[in-house]
Amino acid sequence: MTWSYGYFTDLNYIHGYNRDMNPAMLCLACLCQAIQPQLSEEPTYLELGFGQGLSINIHAAGSAGSYWGTDFNPAQTVEARKLGLASGANLRLFDDSFEELASRNDLPDFDVIALHGIWSWISEANQKVITDIIRRKLRPGGIVYVSYNCLPGWAPVIPIRALMSLYKEFGEARMSGPLGMIEGALQFSGEVARAGSIYFQENPIAGLHLEQLMKQERAYLAHEYLNADWHLGHFSDMARSLGDAKLTFVGSARLLDGMDTLQLTDEGRKLVSQIGHPIMRETVRDYLLNRRFRSDIFVKGARKMSGSEHRDAWHSLAFVLSTPLADIPKKIPLGRGEVELPADKYDPILEALSDDKYRPKGVDELLKHPKLRGFKPQDVVDALMVLTGAGFTAPAQEPSKKVLEQCKALNGHILDRARVSLDLHHMASPVTGGGISLPHIAQLFVLAMRDGKTGPDALANHVWELLDGISERLVKDGERIESKDESLKELRGSAVKFLKFGRPLLEALQIIESADISGSPFEAYQ
């Protein structure tokens, strides 16, 4: 067996960012379940299988503590270390296998151990190694975040993965390179579907799934579908595995997943409410929603908060918008379809959070806000859970000088990289301790401002020159815009919107500096 142990390494993984792995978000998810994790002020954090390392680097830059991680693909470790060198954060990144990591004698005890996706893609032997690392190296009160493919959602489409994997092994793939291999596997699967396949006829969801695969990034598909190991199980299997490491299931890291009032029908809520055992209850939720992917939080020694402790913990928090007010939709997608956010419950809170140039605001401050008169404390807390789960708000911290410096350095590196690359779509906020989605054009606007450009015309011209220098073009309605004049028109419109809505939020998140802000944006909150 080679060093890859059957894991697909011919293409590096995508530069994805996962906000659920942010320590602040993990703590909030525990708080939503009235569980108090025992994290230190400067926690130690371990990520197993960090991919390109964007998440661990953003979280290390935006938070206190020390961050450790391993990804046995050395090319990805090199990439991750570049980001770490740029920020100067407290990071130790290795290309160890899980077995090699487990045998190190310099590993500290960890407050958080996180693994995104990899559980589904590794051998049972490696799953046991990970469980052993968690059992030995997670502190009492510590958090484990684990996301994985699950049943029953995957059940109808498992044969598609098997077909693609067999094409890799036996089809005309070996001489076509990794991208050709993936394209060939997709095309071959499509040919099977179009050849009168009864499987596809009797499983229409499989055909829809194959259509979706055609639109996804090829690097993601390679790691999802072409590994030698691919394990699917129920939530109960994961709970049993981590139960051996003395862990207790707390809830989903995706806040919306645990909100039955939004996710389930009346009949579904009634059924779930009658189930006493937490593992059975959670499994039934998976069947009701046909879940294909889970993001779970387990705690070693979970401690339930009292009512007053839970209330005080919520009132001690501050929140900030992480999406410009103008970009927040009225509906959010959920497992059973889109759900509308009632304007009378959510608009006043969003408007209060946008006041004073998006400055972070504590829960107690929000409760006293004129626009929230008549709101009960629980109404505000419930709305904040939904808005944060939907990605529109985030818990806020007052960053230290070190965190400010680390985020500034990392963001500077990301901006310089944006001159020639389109692969990074997030920047680090010292206020949230996490990443904020920022499309490539918006990054170029920030870069233009850093280069001294101000108005929309200046930003548009500067960005056009950057795009033209790397032979990139804007795309509108699926078509490339080749005309300079039309490109400048589109860029100017985008620049106007960015300056009006995007820039104030980025200033409040301290991703970019503002001459209008004196001191800390938390001063009014304090």
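Preceding this paragraph is the structure being described.
All values reported here derive from a predicted model rather than from experimental measurement. (Residues numbered from 1 in each chain as written. Predicted model: local features only at pLDDT ≥ 70, side-chain atom pairs only at ≥ 80, totals over all residues. Heavy atoms only, no water.)

A. Structural view of unusual backbone geometry. In this chain, Leu151 is followed by Pro152 through a cis amide linkage whose omega measures 15°. Along the chain, Pro152 turns up in the loop between β5 (138–149) and α6 (158–170). Notably, Ala34 is not glycine yet its phi reads approximately 60°, a positive angle. As for its placement among the helices and strands, Ala34 is situated in the loop between α1 (23–32) and β1 (44–48). Accessibility expressed as a relative area gives 10% for Ala34, which makes it buried. (Helix = DSSP H or I, 4+ residues; strand = E, 2+ residues; numbered from the N terminus. Buried < 20%, exposed > 50% of the residue type's maximum accessible area, 1.4 Å probe, protein only.)

B. Main features of the packing of helix α20 (residues 440–450) against helix α22 (residues 484–508). Where α20 contacts α22, the axes come no closer than 10 Å and their chain directions differ by 80°. It follows that α20 is roughly perpendicular to α22 by the angle criterion. Together, Ile441, Ala442, Phe445, Val446 and Met449 of α20 and Leu491, Ser494, Ala495, Phe498, Leu499, Arg503 and Leu506 of α22 make up the contact between the two elements. (Axes fitted to C-alpha atoms, helices over the stretch in contact; angles between N-to-C directions. Parallel < 35°, antiparallel > 145°, perpendicular 65-115°, else oblique. Contact = heavy atoms within 4.5 Å.)

C. Spatial organisation of the packing of aromatic side chains. Tallying each qualifying case throughout the model produces 9 aromatic pairs. A cation over an aromatic ring shows up here: Arg104 above the ring of Phe94, its NZ or CZ 3.9 Å from the ring centre. Arg292 extends its terminal NZ or CZ atom over the ring of Trp154, reaching a point 5.3 Å from the ring centre. (Phe/Tyr/Trp six-rings, centres within 6.5 Å; stacked < 30°, edge-to-face > 60°. Lys NZ or Arg CZ within 6 Å of the ring centre and 35° of its normal.)

D. Up close: the pattern of salt bridges. Following the criterion strictly, the structure yields 36 salt bridges and no others. Between Arg285 and Glu282 there is a salt bridge, with the nearest N and O atoms lying 2.7 Å from each other. Remark: Glu282 and Arg285 occur in helix α14 (residues 278–289); sequence separation between them is 3 residues, near one turn of the helix. When sorted by exposure, Arg285 lands in the same class as Glu282, which is buried. Two residues, Asp423 and Arg417, come together in a salt bridge whose shortest N-O distance is 2.8 Å. With relative accessibility at 23%, the residue Asp423 sits in the partly exposed group. You can call Arg417 buried: its relative accessible area is 15%. Counted as one network, the salt bridges with shared partners bring together Asp260, Glu282, Arg285, Asp286, Arg291, Arg294 and Asp296. (Salt bridge = Lys/Arg side-chain N within 4 Å of Asp/Glu carboxyl O.)

That's the geometry; what it means functionally is another story.
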